[in-house]
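Okay, here's what each chain looks like letter by letter:
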Amino acid sequence: MEPGRPALHDTDVLVENGRIARIGTALEVPESTLEIDASGGILIPGMIDTHRHMWQTGLRGYGADWTLTNYFYFYYINHPNAFRPEDIYAGNLLGALEALDAGVTTSVDWSHGLRSTAHADAAVDALERVGGRSVLAYGNHMQGAWEWGTTPEFRDFIARRIDGKGDMLTLQLAFDISNDPAFPEKAAFDVARELDVRVNTHAGVWGGSDDAGLRRMADHGVLSDKVIYVHTGSLNDDSYQRIAATGGHVSVATESENSAGQGYSPTARLRRHGISTSLSTDSSVLVSGDMLHAMRATLSADRAKSHLDAHANGETVADNELRSSDVLDYATRGGAEAIGLSDKIGTITEGKRADLVLIKNDKNPAMFPIINPAGHIVQSAGVGDVHTVLVDGRVVKQNGVLLLNAELAEARRVIEESVAHVRSTMDEAAWNAGLNPSQPDIERIANPYRYTGG
């Protein structure tokens, strides 16, 4: 994924001490070196998910038919207050395992269910238990960031759980911009600047965060290259220009956006403005937690919009603008840029940390022939084709199997307990209402034609 460098064929990659030591043909290595046969496969950098609500993973699929309105109603009214620290732990444990299994080596855990530092401790416990590269985007939907972000308890948490962890566990502040014209969020941005961490915020969400919030950010001087804006589909061009001018990053969650209605996937507009773009899966409550799905959905949505716009003008798109290699870039190098680790991960480059994913499955007829590597990954590969995963040089998946049996067994146990607890906090009617949200009536079109067989 180095810009301007074509895919390399019949090439070896040597990993030593967690780093990519050498790249070349027929490399000579010590006899004790573990050799992973990648022939017939595709080696890519570990994928980077810049916005995943891991704590919600335990209710996977519960909101498969939800709109964003349903999500706010059922999740923010019925569920969040029921989540204990052990429920945060369970969701994060399962979410982190799911990410690694799918080749996501770095996850930004957008953790807005942290009602206390005990909840935050549980989130970090789970992330460290699994051992991926993690970013805790600390949030609390019950309080404004200017409240929880300025407390001694929050500072103590950072000292205890984040400081000294290097790039394996880093911190962001996760909060959204309120409608308060006084802009109380300025205090939280001041905290982020003091801590030298990034702010990760939902922006341009239809019916929620809007252009006025971004203008208030600009008026208070907090727009910068250390802000990640999630979704952005409902922003206007002025907001995009402000983001571009300050070097901001956008995290696109196409499956969620198109399904729930945050706003149409904005990748075409982001390209026009030259804004750094990454991908995210959002929440397993709503959609897939699989970045391969996210890439495919993003490519499809972008191309569908270009064809739709052209057809509305009586025109035809002769050549696709967005390429498979572009969305693979969003999922790797773009993610590294967004979280500030492009000097360490995001490309297969000598000297960088060895976060690597081998896509290979000799038993899957869809995995050969490989003619266009990027196109093959985006259009044909699935989680079952993720053969080997390395995080910081540590093999966590090999031959298509996660090497985390104890963690998987624990996840199954604690998730069952967590789901049972959450269900116990509401009556059966409320639970079923969330599982089966109401559907609008469809006005049927009267058909004037009647045909009979001749």
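**Considerations on the pattern of salt bridges**
Note on pairing: side chains with opposite charge can pair once their charged atoms come close.
Stage number 1. This model, assessed by the stated rule, comprises 34 salt bridges.
Stage number 2. As a salt-bridge pair, arginine 161 and aspartate 125 come within 2.8 Å of each other at their nearest N and O atoms. Note that arginine 161 is positioned in helix H5 (residues 152–162) and aspartate 125 in helix H3 (residues 117–130), a separation of 36 residues in sequence.
Stage number 3. Aspartate 125 sits in the partly exposed class, given a relative accessible area of 36%.
Stage number 4. With its nearest N and O atoms 2.7 Å apart, the salt bridge here joins arginine 423 to glutamate 428.
Stage number 5. The exposure class assigned to arginine 423 is partly exposed, which follows from its relative accessible area of 33%.
Stage number 6. Ionic contacts of the salt-bridge type, sharing partners, join the residues Asp121, Asp125, Glu128, Asp156, Arg160, Arg161 and Lys165 into one network.

**Let's talk about the layout of surface pockets**
Stage number 1. When its volume is computed, the second largest pocket comes out at roughly 610 Å³.
Stage number 2. Together, 29 residues line the second largest pocket, and Phe72, Tyr76, His112, Asp176 and His202 are the ones closest to its centre.
Stage number 3. Counting only elements with at least two residues in the lining of the second largest pocket, the list comes to helix H1 (68–78) and helix H4 (145–148).
Stage number 4. Among the elements that take part in the lining of the second largest pocket, H1 stands out by supplying 4 residues, more than any other.
Stage number 5. Counted by class, the lining of the second largest pocket contains 13 nonpolar, 13 polar and 3 charged residues.

**Description of a negative patch on the surface**
Stage number 1. Together, Asp12, Glu35, Asp37 and Asp362 make up a negatively charged patch on the protein surface.
Stage number 2. Under the relative-accessibility criterion, aspartate 12 is labelled partly exposed at 32%.

**Some remarks on the sheet that holds strand E14 (residues 394–398)**
Stage number 1. An order of E3-E12-E13-E14-E15 is seen for the 5 strands of this open sheet, with the pairing classed as antiparallel. Unpaired on one side and paired on the other, strand E3 (42–45) and strand E15 (401–402) mark the two borders of the sheet.
Stage number 2. Looking at chain direction, strand E12 (residues 356–359) and strand E13 (residues 386–391) are connected through 4 bridges and run antiparallel. Note on E13: the bridge partner recorded for leucine 356 is leucine 390.

**Digging into the sheet that holds strand E8 (residues 198–203)**
Stage number 1. Overall, parallel pairing links the 8 strands, which are arranged E4-E5-E6-E7-E8-E9-E10-E11 in an open sheet. The sheet is open, and its two edges are formed by strand E4 (47–52) and strand E11 (276–279), each paired on a single side. Direction aside, neighbouring strands of the sheet carry axes that sit 25° apart on average.
Stage number 2. Both strand E9 (residues 227–231) and strand E10 (residues 249–252) contribute to a ladder of 3 bridges, which runs parallel. Note on E10: the bridge partner recorded for tyrosine 229 is valine 250.
Stage number 3. Of the strands in this sheet, E4, strand E5 (104–111) and E11 are in contact with helix H11 (residues 291–312), which crosses E4 at around 85°.

**So, the packing of aromatic side chains**
Stage number 1. According to the stated counting rule, one finds 18 aromatic pairs in the structure shown.
Stage number 2. Look at tyrosine 62 and tryptophan 66: their rings are 5.3 Å apart centre to centre, the planes differ by 75°, and that puts the pair in the edge-to-face class. Of the two residues, tyrosine 62 and tryptophan 66, both sit in the buried class.
Stage number 3. Considering the side-chain rings of tyrosine 138 and phenylalanine 154, the 4.8 Å spacing of their centres and the 70° angle between planes classify their relative orientation as edge-to-face. Taken as a pair, tyrosine 138 in strand E6 (residues 133–138) and phenylalanine 154 in helix H5 lie far apart in primary sequence, 16 residues in all. Here the two residues tyrosine 138 and phenylalanine 154 agree in accessibility, since each one is buried.

Rules behind the numbers
Residues numbered from 1 in each chain as written. Predicted model: local features only at pLDDT ≥ 70, side-chain atom pairs only at ≥ 80, totals over all residues. Heavy atoms only, no water. Salt bridge = Lys/Arg side-chain N within 4 Å of Asp/Glu carboxyl O. Helix = DSSP H or I, 4+ residues; strand = E, 2+ residues; numbered from the N terminus. Buried < 20%, exposed > 50% of the residue type's maximum accessible area, 1.4 Å probe, protein only. 1 Å grid on protein atoms, 1.4 Å probe; cavity = no way out; pocket = protein on both sides within 12 Å on 5 of 7 lines; lining within 4 Å. Points joined across faces, edges and corners; volume = space filled by probe spheres on them. Nonpolar A, V, L, I, M, F, W, Y, C, P; charged D, E, K, R; others polar. Patch = residues over 30% accessible without salt bridge, like charges linked within 9 Å, V, L, I, M, F, W, Y side chains within 5 Å. Areas by Shrake-Rupley, 256 points an atom, 1.4 Å probe, with all protein chains shown as cover. Lys, Arg positive; Asp, Glu negative; His and termini not counted. Charge placed at Lys NZ, Arg CZ, Asp CG, Glu CD. Pairing = 2+ DSSP bridges. Axes fitted to C-alpha atoms, helices over the stretch in contact; angles between N-to-C directions. Contact = heavy atoms within 4.5 Å. Phe/Tyr/Trp six-rings, centres within 6.5 Å; stacked < 30°, edge-to-face > 60°.

Keep in mind these values describe shape, not function.
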